[in-house]
Amino acid sequence: MGVHSCPRSNHEMMIGAVFLWAFWVASVVNGIGANWGTQATHPLELSTTVKLLKDNGFQKVKLFDADSVTLSALKGSGLEVMVGIPNEMLYSLANSVSAAENWVAKNVSTHISSNSVNIRYVAVGNEPFLAAFNGTFLDTTLPALQNIQAALIKAGLANQVKVTVPLNADVYQSSTDMPSTGDFRPDIHDLMLKIVKFLSDNLGPFTVNIYPFISLYNDANFPVDYAFFDGYPSPITDNGLVYDNVFDANYDTLVWALQKNGYGNMSIIVGEIGWPTDGNGNANLKYAQRFNQGFMSHMTKGTPMKPGPIDAYLFSLIDEDAKSIQPGNFERHWGIFYFDGTPKYDLKLGTAGKGLVPATNVQYLSKKWCVMSSSASLDDSGIAASVSYACENADCTSLEYGSSCANLDERGNISYAFNKYYQQQNQLETACKFPNLSVVTTSDPSTPECKFEIMILPISTNKKVSSGASKKPIGVLMFVFVLLLAAS
């Protein structure tokens, strides 16, 4: 008779799971990560962006898709990678195990085995439970998550690659301003517990996007200093714990929600955190530097409920001039670098005290601009249509009230719009042919506050752009109309 092993007890299985989780945590890179979005009309060369990440000490990068060209550029970089599955793919992955297996084979297995890409997470969806989606992804997120996990297990990658779902902080709430009253939103409470249990069972982290800027943007009465990390004169005290910034209060609301539902020890990743620099009165260089530097100092300390280093990804690496402006004109200005890889402000990401390092070997178009002709009249009936056309096809969000170019006069507004279109069209001669209104100049029209940019050379690429938002821009004509009224 052969010797039969006894079934493992629940206690032994728990010890095994804890051991695997400890091994996984020990193998995951600490330090700050970056979100690399690609909704830009003129992206940097992929190799330039990878070098930018490494030169600035980033050890982790979060993508919004699994584009093969981008992943190939990360080959041998040593960067820890989170690949993303767009919300639009959740339905097919939820309804087909084979689709999930094919996705993992193509977008994970191949790059790990053939390209030496250090993929550590698969982000299934992106903020799928936002109210703006009207419940579109409520029925597909968990099944897609389950199928991707099953595919990772089948591929033999489940110990190396963990699944997660990046969620907006609106999936939880508190009945007061106290974090201790936090719990998951009533309308998705049961679904959230199923997702949390599944993630916990498979050692996947809870990923949440926290934006103190949005608190300030949505509420004119929100106390400005509470959005930052350098002191607030009226802190909140909750069960003896003191909260002097909204990030800690928000994060610990999640900690309480997890704890009171039995998952107090669950690992948390802050998938997106940052501050925009333009497109709104509170989106400026001063506030962005104050917030991001404050967070860099704060993330090593943790929160009152969860002391210790915070696992986080800054949002974002580089500005994206093709993002939707439906959430606000600031959406195109989240980068800590401008579109060309130039640092926006002094920011020390690590303990070495070194500031941001710019991208190298960036090539620009010629030093010329398209502006309103000095002989053109402001009474010309074609101005509104010309400016509308320019801003429908280029990024005019820096002209927003309170933004970097808001103080231009009417001619400056028109020139800015013309030049934005001209640069986006790679300085084509026909792109500065607004009837009787425009002229090309070699004299830089920039002001101390408002930069008239020269675009970088375009790269040949067929890849589909992707990032945090997926909605189409709206209200461009009204936006331009308001600009012209404001300048008159």
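Everything numeric here is computed off the predicted structure, so don't read it as measured data.

Caption draft 1: Up close: the packing of aromatic side chains. All chains considered together, the criterion is met by 28 aromatic pairs. Judged by centre distance (6.0 Å) and plane angle (40°), the rings of Phe-222 and Tyr-226 are tilted. Among the residues examined, Phe-222 registers a relative accessible area of 15% and is labelled buried. By relative accessible area, Tyr-226 is classed as buried at 7%. Against the face of Tyr-313 rests Lys-60, its NZ or CZ located 5.0 Å from the ring centre.

Caption draft 2: A look at the nonpolar core. Grouped together as the largest cluster of nonpolar side chains are 138 residues, with contacts concentrated most on Leu-74, Trp-103, Val-108, Ile-148 and Phe-206. Ranked by residue count, the leading element in this core is helix α9 (residues 246–260), at eight residues. Formed jointly, this core draws a minimum of three residues from each of two domains, domain 1 (32–337) and domain 2 (369–441). Once residues lying within four places of it in the same chain are set aside, the contact partners of Val-108 are Trp-103, Ile-119, Val-122, Leu-152, Leu-157 and Val-161.

Caption draft 3: A look at the environment of Cys-450. Here Cys-450 lies in the loop between β15 (438–441) and α13 (476–487). Separated by 46 residues in the primary sequence, Cys-450 and Ser-404 have C-alpha atoms spaced 5.5 Å apart. In this view, Cys-450 contacts Ser-404, Cys-405, Leu-408 and Tyr-416; residues no more than four positions away in its chain are not counted.

Caption draft 4: A look at the sheet that holds strand β13 (residues 311–314). One open sheet accounts for nine strands, arranged β5-β4-β3-β2-β1-β13-β12-β9-β6; its pairing is parallel. In the strand order of this sheet, the two ends are held by β5 (162–164) and β6 (166–168), each with one partner. The mean inter-strand angle of the sheet, taken between neighbouring strand axes irrespective of direction, is 25°. Pairing geometry for strand β1 (residues 33–36) and strand β2 (residues 60–63), over four bridges, is parallel. Looking at the pairing, Ala-34 lines up with Val-61 of β2. Contacting β3 (80–85) and β4 (118–124), helix α5 (residues 97–113) crosses the sheet at an angle of about 160° to β4.

Caption draft 5: Representation of the pairing of β4 in the model. Extensive coverage of β4 is indicated by the burial of six of its seven residues. In the sheet, β4 pairs with β5 via three bridges, with the strands oriented parallel. Along β5, the bridge assignment pairs Val-122 with Val-163. With helix α6 (residues 141–154) bridging β4 and its parallel neighbour β5, the resulting β-α-β unit is right-handed.

Caption draft 6: Spatial organisation of the environment of Trp-369. Relative to the assigned elements, Trp-369 resides in strand β14 (residues 369–372). Distance in space between the C-alpha atoms of Trp-369 and Phe-418 is 8.7 Å, their sequence separation being 49 residues.

Caption draft 7: Layout of the packing of α6 against helix α7 (residues 189–201). Look at α6 against α7: their axes get within 10 Å of each other, and the N-to-C directions meet at 10°. Compared by their axis directions, α6 and α7 come out roughly parallel. Between α6, through Thr-141, Leu-142, Leu-145, Gln-146 and Gln-149, and α7, the contact on the second element is made entirely by Leu-191, Lys-194, Ile-195, Phe-198 and Leu-199. Among the residues making up the contact of α6 with α7, the classes are represented as six nonpolar, three polar and one charged.

About the cut-offs
Residues numbered from 1 in each chain as written. Predicted model: local features only at pLDDT ≥ 70, side-chain atom pairs only at ≥ 80, totals over all residues. Heavy atoms only, no water. Phe/Tyr/Trp six-rings, centres within 6.5 Å; stacked < 30°, edge-to-face > 60°. Buried < 20%, exposed > 50% of the residue type's maximum accessible area, 1.4 Å probe, protein only. Lys NZ or Arg CZ within 6 Å of the ring centre and 35° of its normal. Core = buried A, V, L, I, M, F, W, Y, C linked by side-chain atoms within 4.5 Å. Helix = DSSP H or I, 4+ residues; strand = E, 2+ residues; numbered from the N terminus. Domains from an automatic or database assignment. Contact = heavy atoms within 4.5 Å. Pairing = 2+ DSSP bridges. Axes fitted to C-alpha atoms, helices over the stretch in contact; angles between N-to-C directions. Right-handed = clockwise from strand over helix to strand, strands pointing away. Parallel < 35°, antiparallel > 145°, perpendicular 65-115°, else oblique. Nonpolar A, V, L, I, M, F, W, Y, C, P; charged D, E, K, R; others polar.

Shape descriptors only; they carry no functional weight alone.
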